[in-house]
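The chain contents come next:
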Amino acid sequence: MKPSLSQPGILAAPLPVGRSLVFRIAPGADVAAALKKLGKGFSTSWGVMGVGEPLVRALGRTIPGLRAFPEMTAPAGPIPSTQQALWMFLRNRDRTATFDATMEIRSLVAGAFVLEDAMDTFLYAGGKDLSGYEDGTENPRRAAAIAAALISSGKGLAGSSFVAVQRWAHDLQLFQSLPRTQRDAIIGRRADTNAEIATAPASAHVKRSAQESYDPPAFMLRRSMPWAAAHEQGLEFMAYVESLDRFERVLRRMAGLDDGIVDGLFTFSRPLTGGYYWCPPVTRGRLNLSCLGL
Ligand code: HEM
């Protein structure tokens, strides 16, 4: 499978500025005509686009492996689902380009899809989470990234991907009030050197999420970015996977649903949103929506 069949924003290195957009279906919309128009007009240079299960259902179709994000009641607390019809993630060097792309998208979807949620994101300290820890260290690279993130075969499916999106809100005042050793034990890495702490507790995030400790292994391509408003901040978690099971098995273990041990992250952070989307492949520079009959 050629990586050129995938939306380029999936495998590309992160850019400094992002914007996450989520849309619902407008009442009475002709979703097939609207999605066809969007497919033709969407420029993959803007970012990545994904289709949610409610939209696929409205089209009378199915995409194997796509489902709605499951709401969970877990030892960690509630894991919400805010599943919607359509998701886009804009990636840019500056906000001028984000603004221009947003205007074009708004006119492309006008009357058919309503903007439900938007969040601006940014690269912090060269790729750290706002907690101060390097994010993305153990991401698979090159061929391993392709194997983890992209569907390898199938007509109209090869090169496509699934994305799991979850907005987390951090209580940084609480986190920063903890001693450094306790903060490091929550993550399982040292903030100053990024070295993994072999003796970290089972609740440490990198112990809970250790990709090779799953059977089969749960490698995923994480492309999360921080978000911050004046009074709130956190992480827009995004991971591309060839199967949503990879993400869901890790989330369940983090939430304590496997063995009752809750990921230390929940000490200072909690998920506010949750959605799964199918990111169609690309043919000759345009989204290929043939799997949806378009
Ligand atoms: C508050 C939200 C989160 C924060 C701040 C966070 C932060 C981090 C950090 C600092 C690392 C270590 C460096 C690295 O390898 O990237 C890491 C690793 C990782 N995280 Fe998260 N993460 C969050 C949520 C999640 C979620 C929801 C998942 C998946 C369900 C996840 C999956 C992973 C995986 C697979 C690794 C690599 C583990 C390994 O194989 O070593 N994370 N995360």
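Structure's up top.
The rules behind these values
- Each chain has its residues counted from 1, following the order in which its sequence is written.
- Per-residue local features of the predicted model are confined to residues with pLDDT of at least 70, and side-chain atom pairs are confined, for both listing and counting, to 80 or more; whole-chain, interface and lining totals are unaffected and use all residues.
- The basis for every side-chain value is the complete set of heavy atoms in the structure, and neither hydrogens nor water enter the calculation.
- The criterion for a residue being near a molecule or strand is simple. One of its heavy atoms has to lie within 4 Å of it.
- Polar contacts, as counted here, are pairs of nitrogen or oxygen atoms within 3.5 Å of one another; within protein the pair requires one atom able to donate a hydrogen and one able to accept it, and residues that are adjacent in sequence qualify only if both atoms are side-chain atoms.
- Numbering of helices and strands starts at the N terminus; helices are DSSP runs of H or I of at least 4 residues and strands are runs of E of at least 2.
- Each residue is assigned to one of three groups, with Ala, Val, Leu, Ile, Met, Phe, Trp, Tyr, Cys and Pro labelled nonpolar, Asp, Glu, Lys and Arg labelled charged, and all others, Gly among them, labelled polar.
- Note on terminology: pairs of cysteine sulfur atoms within 2.5 Å are recorded as disulfides.
- Relative accessibility thresholds used throughout: buried, under 20% of the residue-type maximum; exposed, over 50%; partly exposed, between the two (1.4 Å probe, protein chains only).
- Contact criterion: two residues are considered in contact whenever any of their non-hydrogen atoms come within 4.5 Å of each other.

Visitor: I'm lost on the site of the ligand in this one. Help?
Guide: Gly136, Glu138, His205, Gln211 and Arg222 are the nearest of the 26 residues found near the ligand. Between the ligand and Gly136, the relevant distance is 2.5 Å, taken from an oxygen atom to a main-chain nitrogen or oxygen of the residue. One of the backbone nitrogen or oxygen atoms of Thr137 is found 3.1 Å away from an oxygen atom of the ligand. Elements with a contribution of two residues or more to the shell around the ligand: β7 (161-170), α8 (205-208), β10 (233-241) and α9 (244-254). A breakdown of the residues in the shell around the ligand according to their chemical character gives 12 nonpolar, eight polar and six charged.

Visitor: Before we go on, may I ask you to explain the state of the cysteines in this structure?
Guide: Where two cysteines share a covalent bond between their sulfur atoms, that bond is called a disulfide. Inspection of every chain in the model, using the stated rule, returns zero disulfides. Take Cys279: it sits in no disulfide, and the sulfur closest to it among the cysteines is that of Cys291, at 13 Å. The exposure class of Cys279 is buried, given its relative accessible area of 0%.

Visitor: Where do I start with the environment of Met254 in this structure?
Guide: One can find Met254 in helix α9. Overall, the relative accessible area of 8% leaves Met254 in the buried class. A C-alpha to C-alpha distance of 18 Å links Met254 and Tyr240, two positions 14 residues apart in sequence. Those residues in contact with Met254 that sit more than four places away from it in its chain are Trp168, His205, Arg208, Ile261, Val262, Asp263, Leu265 and Phe266.

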